[in-house]
Structure formats: C-alpha cells, structure tokens
Amino acid sequence: MSNDKLCQNYQLEGKNLDIHTYPDPVLTKVALPVTEFNSELEKLCIDMLFTMYHAPGIGLAAPQVGKSIRLFVLDVKYKRDVIENDDGSEDYKLSGFQPMIFINPVIKEKIGETTYEEGCLSVPGVYEEVKRYEKIVIDYQTISGEKKSLEADGLLAICLQHENDHLDGIVFIEKLSPFKKNFFKKKLTKNKKNNKAI
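The following refers to the structure shown. (Residues numbered from 1 in each chain as written. Predicted model: local features only at pLDDT ≥ 70, side-chain atom pairs only at ≥ 80, totals over all residues. Heavy atoms only, no water.)

## A look at the overall build of the protein
Point 1. The helix and strand inventory of the protein stands at 4 helices and 9 strands.
Point 2. Over its C-alpha trace the protein gives a radius of gyration of 17 Å, about what one expects of a compact globule, namely 16 Å for 198 residues.
Point 3. With the C-alpha coordinates aligned to their principal axes, the bounding extent of the protein is approximately 50 × 45 × 30 Å.
Point 4. Looking at the protein as a whole, 42% of its 198 residues qualify as buried.
Point 5. Across the protein, contacts joining residues at least 24 apart in sequence account for 67% of those joining residues at least 6 apart.
Point 6. Entry remark: accessible area of the protein is about 11000 Å², with carbon and sulfur atoms responsible for 48%.
Point 7. Across the protein, the centroid of the 27 positively charged side chains sits 7 Å from that of the 30 negatively charged ones. (Helix = DSSP H or I, 4+ residues; strand = E, 2+ residues; numbered from the N terminus. Rg over C-alpha atoms; globule rule 2.2 N^0.38 Å. Buried < 20%, exposed > 50% of the residue type's maximum accessible area, 1.4 Å probe, protein only. Contact = heavy atoms within 4.5 Å. Areas by Shrake-Rupley, 256 points an atom, 1.4 Å probe, with all protein chains shown as cover. Lys, Arg positive; Asp, Glu negative; His and termini not counted. Charge placed at Lys NZ, Arg CZ, Asp CG, Glu CD.)

## Some details on the nonpolar core
Point 1. Residues Leu 6, Met 48, Leu 49, Leu 71 and Ile 101 are the most contacted members of the largest nonpolar core, which totals 23 residues.
Point 2. Contributing elements (two or more residues each) for this core: helix H1 (3-8), helix H2 (39-54), strand S2 (71-74) and strand S5 (100-111).
Point 3. For this core, the leading source of residues is H2, giving 8 residues.
Point 4. Setting aside residues up to four positions removed in sequence, Met 48 forms contacts with Leu 17, Leu 60, Ala 61, Ala 62, Val 65, Leu 71, Phe 72 and Val 73. (Core = buried A, V, L, I, M, F, W, Y, C linked by side-chain atoms within 4.5 Å.)

## Description of the packing of aromatic side chains
Point 1. All told, the structure shown has 8 aromatic pairs when counted by the stated rule.
Point 2. Within the aromatic cluster, the residues linked to one another by ring pairs are Tyr 10, Tyr 53, Tyr 78 and Phe 97. (Phe/Tyr/Trp six-rings, centres within 6.5 Å; stacked < 30°, edge-to-face > 60°.)

## What about the pattern of salt bridges?
Point 1. Tallying each qualifying case throughout the model produces 8 salt bridges.
Point 2. A salt bridge links Glu 151 to Lys 135; its shortest N-O distance comes to 3.4 Å. Here Lys 135 lies in strand S8 (residues 135-141) and Glu 151 lies in strand S9 (residues 147-153), a separation of 16 residues in the sequence.
Point 3. Note on Glu 151: relative accessible area 55%, which makes it exposed.
Point 4. Each of the salt bridges in this network shares a partner with another, and the network as a whole consists of Glu 118, Arg 132, Asp 165 and Lys 175. (Salt bridge = Lys/Arg side-chain N within 4 Å of Asp/Glu carboxyl O.)

Next up, the structure:
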C-alpha cells in the first residue's frame, strides 16, 4: 500500500504502543535508515498513527515507541472534541484525520525563524518555547519506498522539525537554554527513578 492510499483511506485502527519517556536511552540514539519497505513497516506505521491519535499528539517518531529507525508519523489537522458523559466523565471524539508518514526524511532547505510552545509525548507535562525554522523543504520516502519532497511552513514545519530531531536522538528540551535544559533533565530523571520505585 502507498502512503497516499493509507493516508487517504485512513481508518482508526491498530494497537496502542508503549511510548518511551525521557531519559530512556532509545531517545538519545541516532536512528538507522529504513531499508526494508514491507508489510511489517506498514503495520508499524498503522500502530504508530493509532498510538499518536490516542495519546493524544500531533506527531510520533519511531524511537518514541522503541524502534530506532528513521520514521515518523504526524497529523496537524485532525479534530479532537470532548464529549461529556452522563456520569460526568469525559470521552473524546476524533475526526477529520489527515495523517502523513515520513520515512528516511532529510531537511534540505531551512528558511526564516520562528518560536512555538512545544510539548512532547516522551516528555510529559513540559511545554516550552522553542526556536525553529519558519519554512522548510523536506525530502522523504513513502511506505512503498517512493521518493517525495514537501515544502512546509507554520505548524506543519514545526512538527516536521520536532519529529526529525527525534531521529537524530534529540529531545526538544535539548533546544532550551542551558539553565532550563539542566532543570528539566534533572526533574525528568528524578521522576523516572521515583516511578520505577513504585
């Protein structure tokens, strides 16, 4: 199946994968290129999209689910509506899916500068302003191995840069000032140790 077919006919299916959180070592490794374009890769993409939508997030890279390969999925346009149940609890209705899949991406052009408040599924509870390029051109492959190029700006460009960083072993807190970076690294490492002890 091609990227286009999977993404145009997307149905919310698959299974939830475990999302690895900082400072898990898989998040600081440089991921390896994808060399096999097969049904296993397609299944991973479907499961990653399912996991991303339910997290909920707008992007998810393979290292975040423990796979150190150069692949990420994203969707900056879907809707997530809160539905209140009779008992006062809340559910969510997801709709308007416009998933995108990027394999072996390479950012070719970087134009301008912007800042955006980012969060990350692997760094829960942390939201900080990050400097990014305003506009980029990215080359990538589809799940069938086809080579494509995309010009992006706005939230899409920011998300592409954030997810591409994951493939180079960079979590967004690395982009912060030395003071903030050290503060969050210590806090997240401490939280991880405390959680393991429970």
